[in-house]
Amino acid sequence: MDYKKEEIKQHFEDYLEENLEYHKENDSHWKEDLHHNAFNRDYYIIGTYKAKQWLGDRVFDVIEHIREYEELHFGEVSTDFSDPENVVNMYAYIIGEEVVWEWLENYEEEEEEEEDEEEEEEEDKTSLNPFPKGFLKDTFTTSTES
């Protein structure tokens, strides 16, 4: 279910902008704790009226999504569905989990690419060849223009 996923994703991006550097510098387990810190330390929506407005006509779809998630992960349903604030915050927690995993996957791929580039640069620095890679190939390529 992707209801309001972009909004929740924006919430996460805002959280990262404000907190990512701090977590990297002060928490060796920041990746493992990222979802908890972004979606479980504070409420996503505060107030019954705001929660009802946020849920709109998708309230029963959201409740069903929460029910399925909790039964799958916990074996029972524990969210109080009579409280719109609890419903919104649990839904944001669930969708936030997806958003964080997607972000971490991309982040780790980018980290690996940066490490590979650094290794290549280090190899270039230790090479005795004074010419950049491809220098001879580029210099002696003949043109086949007609």
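K.L.:
Teacher, can you tell me more about the nonpolar core here?
P.N.:
Note on soluble globular proteins: their nonpolar side chains tend to be buried together. One finds Ile8, Phe12, Leu34, Trp54 and Tyr91 to be the most contacted residues of the largest nonpolar core, which totals 31 residues. Only α1 (5–26), α2 (30–39), α3 (48–55), α4 (59–74) and α5 (84–126) provide two or more residues apiece to this core. A total of 12 residues in this core trace back to one element, the largest contributor, which is α5.

K.L.:
What's the story with the pattern of salt bridges in this structure? I'm lost.
P.N.:
Charged atoms that come close allow side chains of opposite charge to pair. The final tally for this structure, using the stated rule, is eight salt bridges. Where glutamate 98 meets lysine 5, a salt bridge forms, and the shortest distance between an N and an O atom there is 3.5 Å. Separated by 93 residues along the polypeptide, glutamate 98 in helix α5 and lysine 5 in helix α1 bring together distant segments of the chain. The class for glutamate 98 is partly exposed, based on a relative accessible area of 30%. Residue lysine 5 is classed as buried on the basis of its relative accessible area, which comes to 13%. Notably, a salt bridge pairs glutamate 111 with lysine 31, separated by 3.0 Å at the nearest N-O pair. Of the two residues, glutamate 111 sits in helix α5 while lysine 31 sits in helix α2, which places them 80 residues apart along the sequence.

K.L.:
How do you make sense of the packing of aromatic side chains when you look at a structure like this?
P.N.:
The geometry of an aromatic ring pair is captured by the separation of the ring centres together with the interplanar angle, meaning the angle of the planes. The full count for this structure, using the stated rule, is 10 aromatic pairs. Measuring from ring centre to ring centre gives 6.1 Å for phenylalanine 12 and phenylalanine 39, while their planes differ by 25 degrees; the resulting arrangement is stacked. Taken together, the residues span a long stretch of sequence, with phenylalanine 12 in helix α1 and phenylalanine 39 in helix α2 at a distance of 27 residues. Relative accessible area serves as the criterion here: at 7%, phenylalanine 39 is assigned to the buried category. Here the aromatic rings of tyrosine 69 and phenylalanine 74 are separated by 6.0 Å at their centres, their planes lie at 80 degrees, and the arrangement is edge-to-face. With a relative accessible area of 47%, phenylalanine 74 lands in the partly exposed category. One aromatic cluster is present, built from ring pairs that chain together Phe12, Trp30, Phe39, Trp103 and Tyr107.

Analysis parameters
- Residues numbered from 1 in each chain as written.
- Predicted model: local features only at pLDDT ≥ 70, side-chain atom pairs only at ≥ 80, totals over all residues.
- Heavy atoms only, no water.
- Core = buried A, V, L, I, M, F, W, Y, C linked by side-chain atoms within 4.5 Å.
- Buried < 20%, exposed > 50% of the residue type's maximum accessible area, 1.4 Å probe, protein only.
- Helix = DSSP H or I, 4+ residues; strand = E, 2+ residues; numbered from the N terminus.
- Salt bridge = Lys/Arg side-chain N within 4 Å of Asp/Glu carboxyl O.
- Phe/Tyr/Trp six-rings, centres within 6.5 Å; stacked < 30°, edge-to-face > 60°.

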